[in-house]
Structure formats: C-alpha cells, structure tokens
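Tertiary structure, described
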Amino acid sequence: MLTAPVVLIASFAYLGLLFAIAYYGDKRADAGRSIIANPYIFALSLAVYCTTWTFYGSVGRAATSGIGFLPIYLGPTLMAALWWYVMLKIIRISKQNRITSIADFIASRYGKSQMLGGLVTIIAVVGIIPYIALQLKAIANTFSIILHVPETTALDKQSAPLFLGDNTFYIAMLLAAFTILFGTRHLDATERHEGLVAAIAFESLVKLVAFIAVGIFVTFWLYDGFGDIFSRAAQVPELGALLTLGGAAGNYTTWASLTFLSMAAIMFLPRQWQVTVVENVDERHLTKAIWLFPLYLLAINIFVLPIALGGLMHFPSGTVDADTFVLTLPIAENAPGLALFAFIGGLSAATGMVIVETIALSTMVCNDLVMPVLLRMKGLRLTARRDLSGLLLGIRRGAIVLILVLGYLYFYLAGEAYALVSIGLISFSAVAQFAPAIIGGIFWKGGTRAGAVCGLGAGFLVWLYTLLLPSFAKSGWLPISFLSEGMFGIDLLKPQQLFGLSGLDDIAHCLFWSMLANIGCYGAVSLVKAPSAAEHGQATVFVDALRLSGATAGQRLWRGSASVNELLALLGRFLGPERAREAFESYARVRGARSIELLAADASLVHHAESLLAGAIGSASARVMVASVVAEEPLGLDEVMNIIDEASQVLAYSRQLEQKSRELEAATEELRGANQQLKELDRLKDDFISTVTHELRTPLTSIRAFSEILKDNPRLDEDQRGKFLGIVIKESERLTRLINQVLDLSKIESGNAEWHSSEIDMREVVDDAAAAVSQMFKENGVELEIDVPRELPTIVADRDRLMQVMLNLLSNAAKFCKRPGGRVSVALARQDGFLRVDVTDNGIGISESDKEVIFEKFRQVGDALTDRPQGTGLGLPICRQIINHFGGRLWVQSQRGAGATFSFTLPFDRARPQARAAA
Amino acid sequence: MKKRVLIAEDEPNIVASLEFLMNETGYEFRTAVNGEEALRAASEFRPDLLLLDVMLPLKSGFEVCQRVRGDETLGKVKIIMLTAKGRETEVAKGLALGADAYITKPFATRELLDTVKRLLGE
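How each quantity is defined
- Residues numbered from 1 in each chain as written.
- Chains lettered and ligands numbered in written order.
- Predicted model: local features only at pLDDT ≥ 70, side-chain atom pairs only at ≥ 80, totals over all residues.
- Heavy atoms only, no water.
- Helix = DSSP H or I, 4+ residues; strand = E, 2+ residues; numbered from the N terminus.
- Buried < 20%, exposed > 50% of the residue type's maximum accessible area, 1.4 Å probe, protein only.
- Contact = heavy atoms within 4.5 Å.
- Areas by Shrake-Rupley, 256 points an atom, 1.4 Å probe, with all protein chains shown as cover.
- Phe/Tyr/Trp six-rings, centres within 6.5 Å; stacked < 30°, edge-to-face > 60°.
- Lys NZ or Arg CZ within 6 Å of the ring centre and 35° of its normal.
- Buried area = accessible area lost by both parts, 1.4 Å probe.
- Salt bridge = Lys/Arg side-chain N within 4 Å of Asp/Glu carboxyl O.
- Polar contact = N/O pair within 3.5 Å; in protein donor to acceptor, adjacent residues only side chain to side chain.
- Pairing = 2+ DSSP bridges.
- Axes fitted to C-alpha atoms, helices over the stretch in contact; angles between N-to-C directions.
- Core = buried A, V, L, I, M, F, W, Y, C linked by side-chain atoms within 4.5 Å.
- Parallel < 35°, antiparallel > 145°, perpendicular 65-115°, else oblique.
- Left-handed = near helix turned anticlockwise from the far one by under 90°.
- Nonpolar A, V, L, I, M, F, W, Y, C, P; charged D, E, K, R; others polar.

Another point: the overall build of chain B. Helix and strand content of chain B: five helices and five strands. The burial tally for chain B puts 52% of its 122 residues in the buried class. Excluding contacts between residues fewer than 6 apart, the proportion of contacts in chain B whose partners are at least 24 apart in sequence is 61%. With the model as given, the accessible surface of chain B reaches about 5,400 Å², and the carbon-plus-sulfur share is 46%.

Shown next, in the form of structure tokens:
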C-alpha cells in the first residue's frame, strides 16, 4: 500500500498544506489581522525545538540509555523557569534595538561590531550543519524504510553516490526550495515571518499528535498500558537497567553536561532565537509559554520510554535501528496508515527545523557576513545603487542553498558514524559557545568586544578540535590516529582526552574545555582593557534594558547632520521604496508631523532609520550605511569628557571675561571723567593764557603806539608831548602791575609762593594800610573810618600779604564808593576762634550774580558803559588765595545800590580750621 | 573828499593813539567805545574804513563785522580788525567774517597806516 508515489504525494500534500497555512498567515498579517498574536501559537512555535531528534532520536537514545534521553528536555524546562527574567530581557533588548538575529545581538552588544557578527555567523553555520545533516539523515532513512514496507530490516548501508544519484541530495534541494518559498519572498524590516510561525505551530501540533498516536498504539494496542510494558521490560535484565538512574543512564557529569547544553540550546539555537525572540509578537506571551512549552515537552516525551522498550522487546536486538522504532513498530504491526502518519510526523519535524534554522542562518549570513564585506568593497559601489532589496534576497537564497548543500555534505561524510542524538549534541555544543558572550553581555557591562571575540574564538576552536574533527575521524575522513594518539602524535593533545582529562564522555569533555577556554578568555580579555565608548554605550543599553524606557534606550550621544530625503532614499534601497516610505510615514504620524517632508532630521529620526535598516541588513551594517549618509561624527567617551571639560572651561573663561569687561567699563568711565577734567583744565589754561596775553598786550599797544608817534612827530607841541609821554609811563606801570600780579597769583596757586609768617597784630596792619591809602582817599574825597577792639590776640601770618589784602580791599572800596560823599569803614573784631575784618563802602553795590564773578580772574564789574575800571581784575582772586592759604574765608555781602561789605576771617589757631573745613 | 574812518576801541589810550594817527594822516574820524555804538556810528557816519577792535563791550568786534557786512546799505566799507589775541583761529575767523585786514596789538604805527592807506586806495 505504501508505495513511493503514495508517500511522495502524501509528503507533498502535507508540505503544500504547510505552505498554504504560511501563505494565509502572511496575508492576514499584511491585512493587520494577525493569526499568530496568540500565546498558544507562540508556545507551539517554540516546539520547533523538537526535531527528528525528538521524534526518532529520543527513542533511539532511550533504547541504549534508558531515561538518559531526558536531560535534553530537562534543560529547556529549567530554562523556561528563568525566562521570565532572562528571556524577557533579551526580547526587550531585541525589540528596542531592532535586533534580528543572534549574530546581530552579539554584534550590537559589543559596540555594533561587524567582525563579531561575522564570527558568530560562521560559528552558527558550522555548528548547525551537523544538525541539518541529522534531519536529512532522518528523512532519508525513514523514507527508505517506509518504501520498503513490510521489510523492517536495517538498511543496507551501501554508500549512495554523492549528489545527483543520492536521494538525500534531492531531499536537501527540495527543502531548500521550500525554505526559499517560506522565508525569502520579501524583505521585512523586523525579519518576521508570520506565515512561517503559523505553519510551524501547525507542524508542532502534527508531530505531537503523530508521536502520541504511535505511543498510544504501542502502549495500549501492542501492550496493555504503561504498567504492562514496564513490568515486562523489568523482566529482561538488560532492559531493566534502562529503567534505573544509574549505570547505562549515565553518570552525573553526563546528566549535568547534557542539561547545561540543552539549557544553552533552547536559548541560542538560531531557530529557537528566531521563534522566541525575533518572531515574538508580544512579550506578554512569554508568561504563558513558560509553562505551556514544558507541558508540550512532557506530552511528547511520555511515550518515549514505552516505545523504546516496546521496540526492544519486539525486535531481536541489533536488527532494527532504535532510532526508527517510531516508524518500524507500526510497520511491523501492520498499521500502514499509522506508519504513514508517523512518517509525516517525522517529515514535519524535520522540515520545521530545517526551514526555520536555515532562514535564521541565511539572515545572519546575509546581514552579518556577506553584506559587510560587500559594503566594504568600494568597487561594487553598492552605496550608489538605488534598490538593493533584490540583492539582499538573492544573497539569502544563495545562503539557504549553500547551507543545505553543506548539510548534505556533512551527512555524506560523517552522518553514518553517529546516532542521531550524538550528531545533535555536537551542534548543541557549538551553540553553547554563545552563552558566555550573551549572558555576560546582558548582565555585565564590563564585557568588551575583544573579550567576546577571544572567548568565542577560543571556545569554537576547542569545539572544533574536540568534537567536530573527531567526528570526521570516526567516519574515516581523518586518520584514526588523530583520535588515538593526538595531533602530531602528542598524547596530551588527544582531541577527546585533552591534557589527559579522561573519564568524561565526549560531550562533557568538550563542554568542559570549551567553556573553560571561552569563559576564561572572555573574562580575562574583557578585564584587561576597558570597554570603548561605543561598547560602553551599548552595554548600558543592554544591561539596563529593563530599566530604561523605550524612548531613550538605544539612542547614544549623536552628533551629525542628516536630511530626511537622504535617509528615505537609503532605507528605500534596502527595504524597497514603498516600504521605506510607509515606515517613515507611520513614524511621522507618531511624531505628529503631517508629512515626511515636515519631519525634523534629528537624532531620533536617524536612530529610527538605523533601526529599520538593521532589520534588513543587521545593526552593524546599518550603522555603517547610515553613517555614510549622515555626516556623523562619532563621539568617543574621551571626546565626551573633552566636550564637558571644554564646556566647563568655557564657562569659567566667560565668567572671567565678564568680570574683566565690567572692570574695563569702570576704568573707561574713570578715564572718560579724567579726560573731561583735563580738557576742561586745558581749556581753562588756554583761556588764562589767552586772557593774560590780551591783558598784557593792551598796555603794550599804547606804549608802543605813542612811542612811535612821539618818534615820528618831532614837531609835536609840548602839551601833546607831555600827554603822550604820560600815557606811556602810565601804561608801563599798568603793565608792570599786571605782570607782577599774574606772577603772584601763579606762584600762590601753584604753591611756589614764599610765605614769611610771623606773629602779627592785625590792628597794626590795618593802621598801616589806612595810612598808605590816606592820600588817595583824600584826593578822591573818601572818608575812612576804622574800628578796632581794645584787645586782640596776635595771629601768625605773612604781614606783607595781609597788607596786600588790606590795600586791595581799601582801594577797591575807594574806587567803587559813592562820588562824592564816599565813605569806607574798616571794622576789626574777634569772632569765636577767628579774627574778622570788614571793609564796607557806600558805593553802588554788587548784584547777586556778580558776587562770585568778581573773585574770578581778570573779571571786573561795574558800569561798563561809563566807567572802564582801571584794575587788572586779579586783585580779589589774589586776596582770596592769600586768605585761603591762612585758613580763612573772603566773601562779599552787598545789595545793588546799597554799598558792599568785603569780609574775611582768619583763624587764631591754624590747626583747627582744617578740621572745620573738613567738617 | 576826506576819507572817513570809524574807530571802534574801548581802551582810551589806544583810542587816543589811533585818533592822533588818523588825524595826522588827514582822515575824518569818529570813535565808538562799544559794539552797539559802533554799529550806530557805522550807519550814521558811513565811514570808508572801520578800525575794529575785537574785544568790545556789549557786542564783540566779530559781531559788528558780521552785521556791517550783512548790511547792504553800508556798502563796501573796509574793515581792519585789531586784537591782542594773535591766534590763528581768531585771524581766520575775522577774515572769514569779511574783514579786509587783521592787525595784532601792539601794532607798528607804520604798518597800521600803510594798511589803512592801501585799503583806502591811496
């Protein structure tokens, strides 16, 4: 009944169904009504963890190690318990930073390092190839078996021809075609494939149901339930051992290492990362998945032991490969329908794994391996090309084909030597190398790029040496002496007993050394040198992801200039113009801008563009592309410090400047004032000199004129001659007087005058002055009255000067008093500590405005029209200077028409008036 | 016809010397001792020449000069400014205001008479 066509049709029909589900899922996603936004779908998609290894291999393992097949499922169960923190953080970080693969995550964490991304990709690809080979082997085997129904004998292990003659090759190519159809129809910025997730969830259900169906068949049909199987098995001694923990089940190290490996696997297998992190729609789905997934694992493992025991008891030992019991038991028991269902289940498990794993790997190869290299090759001028989405898809498709070819090659070269589970464990050990870098990365800010590179590199090399190469040796492609004697014959370098460590099984041995090298190098190298600014920034973003709000996380200090159109064009090249435009438009809506053109080309837009781009080409490449468009200046930590330093220096300096400018202003004000004063003084000086010259020249004019007249006119009559000579003489006198007074005043004012002070009785001075002017008074008909006190203390002063003052005042009084009937009175008195002298006349008086004018140099007042005063105008100024010099005051009291009184005071005690003047 | 000279000077002795000189030369002369008087005399006496002191009470010699020049009825009376201030600015000012000559005191009688004669066209 089960002929090749039937099987083939059934297989294609099933695959077609999967594809239809995927297509429907994508359609609904595009319409915005996702069918996978559901925690149950999410949990089911996680079950892609269960491949043919679970479907067939577990039974095979159980047949040799009893419950030793369990640790592979214990690990994920334990890990799920930690998901609420660890996985949440990873998902949060990945969403915030638009991380689209495991390589992207590691690269991004360690300063967006393209090199690290490439390394991770290589490790992932090399590590997973055995796993893919395992699926191919399972499909090939089971396909053969089901075609040879009812023969259930072990396969003829004849070597199939390589490639074209080999069924497995066609299977591989078929899978490649399906993978391309499922995953590379278009580029998505978030690398999500909703249709694929729907198909995987369906596929998980199918394999679960198929397995349980076989399980039920074996347990309840072939036997009478669990109890029956176990009791019967216990009776067979070899089988009884399988039911116990010790012995064949493996010792504690084996369990521990397997548990650890599977804990790492559930997190870091590329397909697991893809469905858990990348495809995750809502991080809240995680809470349901934490118990739903272990529940699934439990369900699919319930019947493993029964089937294994059943198979062992049913088939004579060694005749049928235990890995195939799930298929061969129904066949042997004439249940072809069930067998077909089982085959489909197995096929489902294999295709699910291959598709998801290969898509994840091809994304990494494209974004983190090929694109960075291509972008660096300036010759290709990729940056100038307008639409690169075609190129990206092409690279991915090529990668898918290549990975499957490599998987096929590994299967061909090394697949026969191992049981399925063992092959799988080789891959587990490879992806476990990601653990230190990732776990360290999200919890330890000190992890550096150099550390991650060294750790990953060392771990990978150890894995290569202790697991991968031995697998080739065991298949005969490398000399067996490599295993038994070590490289170059050095005993200590025996790949599976490195440095003499024996007693561990291959896996535990590899795990020990690789983790030692990995963690050791990661930690040591990270500690040697501090993280760079970029690394530190990213470290903060990652380690503090759960603390940081979504808006600020991922945005580092940024400095640059960009244009919206350039960013749009850049994005369009990788995502396609429409998708790019859509993305910008929705961003603009969020930002409240009415159109893309109105968007501000600021740091947050650039960051958003970078995130979108990271979805298509990986964050490291996105960084490079955006940087090429945006004229950015990357800021280093020390640059930041410098900027801050500079800023504070500038602040301090500007404060200094402010201070200085204030001081400068004040100084300028002072200078201005001083300048004004100087100008004023200069003007005064000019005026003074000008006036003095004028005053001097006036008498000189008369002197000269008349001298010349007298000379030129010898025949002048006596009268005229006498008159003229008289003028000459008078003017000469005037001139002399003037010169003397000018000199006098100058000397007094400049402080160069000589003062000869002695004790003086003022009454004497007054008397002498009166005597001196008496003649002049009489000639002018002016009366003089003197009033002196009986007692008067002496005063210390310059007698001649005081005399000068008295004479001046008296002659002024006489000049200005009434004509005729002029009266001048002099009064001498004592007033407090002062000596007071008043000289009063009964002349026309002095107006209020003139009271101070008369004390000005060269100023004379009087009736200008009638009487030009004959004075020099310097008399009173000199008197004032003299009186001031002795600490006194000289002033005038007068009313126009009522005479004038000139008064001066002189202190008896010279010291006091200074104090009084100050007060 | 005798030329008429107006002397505007406030120093009596200088006035005396100027009067003598004018008289000796044979001009008819009048004297004003302040600016306002000078202006009045100028329009009344209608001199051919004005001997104008700068430092005059009431109205300065500059002002008188300006007024005289501004008065068309006074015609082209010649003006000689006299001053004890010999600064260049004063000279320039005077000439700018329309004086025909500027003589600083103390003057040489010869120079004064020569200038007067020249300006009166003799």
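Still more to cover.
Turning our attention to the packing of aromatic side chains. Scanning all chains against the criterion turns up 32 aromatic pairs over all chains. Relative to F343 of chain A, the ring of F143 of chain A lies with its centre 6.1 Å away and its plane at 40°, an arrangement referred to as tilted. Here the residue F143 of chain A occupies a position in helix α7 (residues 114–147), and F343 of chain A occupies one in helix α17 (residues 336–376), the gap between them amounting to 200 residues. Just as F143 of chain A is buried, F343 of chain A falls in that class too. An aromatic cluster is present here, built from Y49, W53, W83, Y131, F293 and F428 of chain A joined pairwise through their rings. The ring centre of W755 of chain A lies 5.3 Å from the NZ or CZ of R801 of chain A, which sits over that ring. Here the guanidinium or amino end of K93 of chain B rests over the ring plane of F62 of chain B, the centre of that ring lying 4.6 Å away.

What follows covers the interface of chain A and chain B. On the chain B side, the residues contacting the 22 residues of chain A number 22 residues. Taken together, both faces of the contact between chain A and chain B bury some 2,100 Å²; the carbon and sulfur share is 59%. At the junction of chain A and chain B, the tally comes to two salt bridges. For the salt bridge of E11 of chain B with R734 of chain A, the shortest nitrogen-to-oxygen distance reads 2.8 Å. Inspection of the chain A/chain B interface yields five residue pairs in polar contact (both at pLDDT 80 or more). Secondary-structure elements contributing two or more residues to the side of chain A that touches chain B are α29 (637–712) and α30 (718–750) of chain A.

Now for the sheet that holds strand β6 (residues 822–831) of chain A. Residues and elements named next belong to chain A. Strand order in the open sheet formed by five strands is β4-β6-β7-β9-β8, with mixed pairing between adjacent strands. Two strands lie at the open edges of the sheet, namely β4 (782–787) and β8 (889–894), each paired on one side alone. Strand-to-strand twist of the sheet, defined as the mean angle between neighbouring strand axes without regard to direction, takes the value 15°. Here strand β7 (residues 834–841) pairs with strand β9 (residues 900–907) via eight bridges, running antiparallel.

Moving on, we come to the side chain of N280 of chain A. Tracing the sequence through the fold places N280 of chain A in the loop between α13 (270–278) and α14 (285–301). The residues touching N280 of chain A, leaving out its near neighbours within four places in the chain, are F42, I91, K95, R192, V275 and H285 of chain A.

Looking now at the sheet that holds strand β1 (residues 4–8) of chain B. All names here are of chain B. Pairing is parallel across the open sheet formed by five strands, whose spatial order is β2-β1-β3-β4-β5. The open sheet terminates on both sides in strands that have one partner only, identified here as β2 (28–32) and β5 (101–104). Each strand axis lies, on average, 20° off the axis of its neighbour in the sheet, ignoring direction. Here strand β4 (residues 78–83) runs beside β5; their pairing, made up of four bridges, is parallel. Counterpart to M81 in the pairing with β5 is Y102.

As a further point, take the nonpolar core. One finds Y49, W83, I90, F268, I307, F428 and F434 of chain A to be the most contacted residues of the largest nonpolar core, which totals 168 residues. Counting residues in hydrophobic clusters, the runner-up holds 52 residues, among them V773, C817, V861 and A900 of chain A.

Okay, the packing of helix α6 (residues 102–109) of chain A against helix α20 (residues 434–443) of chain A next. All names here are of chain A. α20 packs onto α6 with a crossing angle of 50° between their chain directions and a minimal axis gap of 10 Å. The angle between α6 and α20 places the two elements in the oblique class. Considering how the two elements wind past one another, α6 and α20 form a crossing that is left-handed. Between α6, through I102, F105, I106 and R109, and α20, the contact on the second element is made entirely by F434, A437, I438, G441 and I442.

Residue and element names in this part refer to chain A. Running from amino to carboxyl end, helix α8 (residues 167–183) crosses α17 at an angle of 60°, the nearest separation of the two axes being 9 Å. With respect to each other, α8 and α17 are oriented oblique. In the packing of α8 onto α17, the handedness of the crossing is right-handed. Together, L175, F178, T179, F182 and G183 of α8 and T351, V354, I355, T358 and I359 of α17 make up the contact between the two elements. Class assignment for the residues of the contact of α8 with α17 results in six nonpolar, four polar and no charged.

Moving on, we get to unusual backbone geometry. Most peptide bonds take the trans form, and the phi angle of most residues other than glycine is negative. Here K105 of chain B and P106 of chain B are connected by a cis peptide whose omega angle stands at -15°. Position of P106 of chain B among the secondary structure elements: in the loop between β5 and α5 (109–119). One non-glycine residue, K112 of chain A, lies in the positive phi region at around 50°. Mapped onto the elements, K112 of chain A comes out in the loop between α6 and α7. The phi dihedral of L58 of chain B is positive, around 70°, even though this residue is not glycine. With respect to the helices and strands, L58 of chain B occurs in the loop between β3 (49–53) and α3 (61–70). Look at L58 of chain B and you get exposed, because its relative accessible area is 53%.

Our next topic: α6 of chain A. Residues and elements named next belong to chain A. Within α6, eight of the eight residues are buried, leaving the element largely enclosed by the surrounding structure. When we look at burial in α6, the residues that qualify are I102, A103, D104, F105, I106, A107, S108 and R109. Positive phi appears at G111, one or two residues downstream of α6, with a value of about 75°.

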